[in-house]
Amino acid sequence: MSIYYSGTFKRSAGLISAIVKQLDLVNLKPVKKIQVQFDPFHPQAETVRDFLFHITGPKVAATNLKCAIKTNIVCDRSDPFIKVDLAESGNSVRLLATNLTVLEILQQFNKHISSLVKPDETVGTNIVQTKSEKKKARRK
Amino acid sequence: MSLICRKAFLLERCKPFLQPKRLKSKINVQKPKAPHHEKATFLAFTKPIFLNPNYEKRPIELCTKGEQLWKKDEDNPFQRIIAGELLRWFQSSRLVVFYHMNPMSSDDQFKAYALFQKQKMHFKNYGKETLRMALEGTPYESVLDFYISRNMIVFSPELEVKKLLKVSKKFPQLILLAAIFEGKFISKDELMEYSLIPNLQTAQAGLVQTLDRVGSNLIQNLNSQQNILVGQLQERAKQLEEK
């Protein structure tokens, strides 16, 4: 009659878990400058403000300390946008944030910009050796 | 004699005789001794029986999906008090500035609070619900429109725009959005313009100077030819003296 438990033991917290998952993937290494422009009185300024809050967090900022994030406050009711200047190619990516949610912006950011990072670079930064691993290395 | 004895007895303090039971410093909790048979029987008899409240319930009754774990506050008196205080801050300050707050450590937040406090300004963040309670129906209602994401408010009883901007420059995590200047809503650009205006005395001196300039220009123009002639004559006199 009763069926055994199936599914996850941990439950996700909903939208914020998805956002955090994307934020963990964000890598600002190929970025030279991020320019965020919004009008505080614009009805769709919330997503840009939330994105700005997430991108200026310490973890994301640590991926590239040289990346400058500039905020432009305007009052002409213009649509909010995010302009990302890339370091190597000199191109810039423009995300028009009027009709996007924070999650979508981060997904697009990861798709177009974080994917430009070479896999060797990411592996190098994430290695954390445990005590037992260090001991083994010393024995060898 | 007996009275004296009784009084002496009442004055005497009673010291109870104390004998400590636990003589060891470490108490045995992990491996307790098995109880005696009689005691064990007693414990077995007196063990409480807890009936399972979910014993004869159907799965549909046990489902917790859609269950609200906490009730939303209908009326919080403390929140009402804070909202009242907030409205008084809005009404008593001549300058109110709104910031967007990027992630800022509590240390930095406290430093900002301290620096603003030195300028007699109040640096604080309020929740959206408290703000709504305070400002709904008041002329300040439009603040709620841009009070989204993370925010900080600074209340200043005096119009010290330059000092405020100087303090906020030290904290790049605070992004200025808009302000209320003497009861009038202004944007960031307008606030910057207001910061460039000097104090009243300097402005008055500037006005007086502008008004005087017309008259002094006219005098200068009238006297210019005569001044040139005088100058040339003086030069000629010098040349003759040298010869």
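Please refer to the structure placed before this passage.
About the thresholds
Residues numbered from 1 in each chain as written. Chains lettered and ligands numbered in written order. Predicted model: local features only at pLDDT ≥ 70, side-chain atom pairs only at ≥ 80, totals over all residues. Heavy atoms only, no water. Pairing = 2+ DSSP bridges. Helix = DSSP H or I, 4+ residues; strand = E, 2+ residues; numbered from the N terminus. Contact = heavy atoms within 4.5 Å. Buried area = accessible area lost by both parts, 1.4 Å probe. Salt bridge = Lys/Arg side-chain N within 4 Å of Asp/Glu carboxyl O. Polar contact = N/O pair within 3.5 Å; in protein donor to acceptor, adjacent residues only side chain to side chain. Nonpolar A, V, L, I, M, F, W, Y, C, P; charged D, E, K, R; others polar. 1 Å grid on protein atoms, 1.4 Å probe; cavity = no way out; pocket = protein on both sides within 12 Å on 5 of 7 lines; lining within 4 Å. Points joined across faces, edges and corners; volume = space filled by probe spheres on them.

Attention now moves to the pairing of strand 4 (residues 92–96) of chain A. Relative to strand 4 of chain A, strand 3 (residues 81–86) of chain A runs antiparallel, the two being bridged by 5 bridges. Paired with I82(A) across the two strands is L95(A), which belongs to strand 4 of chain A.

On to the interface of chain A and chain B. Opposite the 15 residues of chain A that make contact, chain B presents 17 residues. Both faces combined, the contact of chain A with chain B buries some 1500 Å², and carbon together with sulfur accounts for 67% of it. Taken together, chain A and chain B are joined by 0 salt bridges. Counting the contacts that link chain A with chain B gives 7 residue pairs in polar contact (both at pLDDT 80 or more). Only helix 2 (46–55) and strand 2 (68–73) of chain A provide two or more residues apiece to the side of chain A that touches chain B. No other element matches the 5 residues that helix 2 of chain A contributes to the side of chain A that touches chain B. Of the residues belonging to the side of chain A that touches chain B, the class tally is 9 nonpolar, 3 polar and 3 charged.

Okay, the layout of surface pockets next. In this structure, the second largest pocket spans a volume of roughly 420 Å³. Looking at the second largest pocket, it is lined by 17 residues, and the ones nearest its centre are P172(B), L174(B), I175(B), L176(B) and K188(B). The set of elements that each furnish at least two residues to the lining of the second largest pocket consists of strand 2 of chain A together with helix 8 (161–169), strand 4 (174–181) and helix 9 (188–196) of chain B. In terms of residue count, strand 2 of chain A provides more of the lining of the second largest pocket than any other element does, 4 residues in total. Looking at the lining of the second largest pocket residue by residue, the class counts come to 10 nonpolar, 4 polar and 3 charged.

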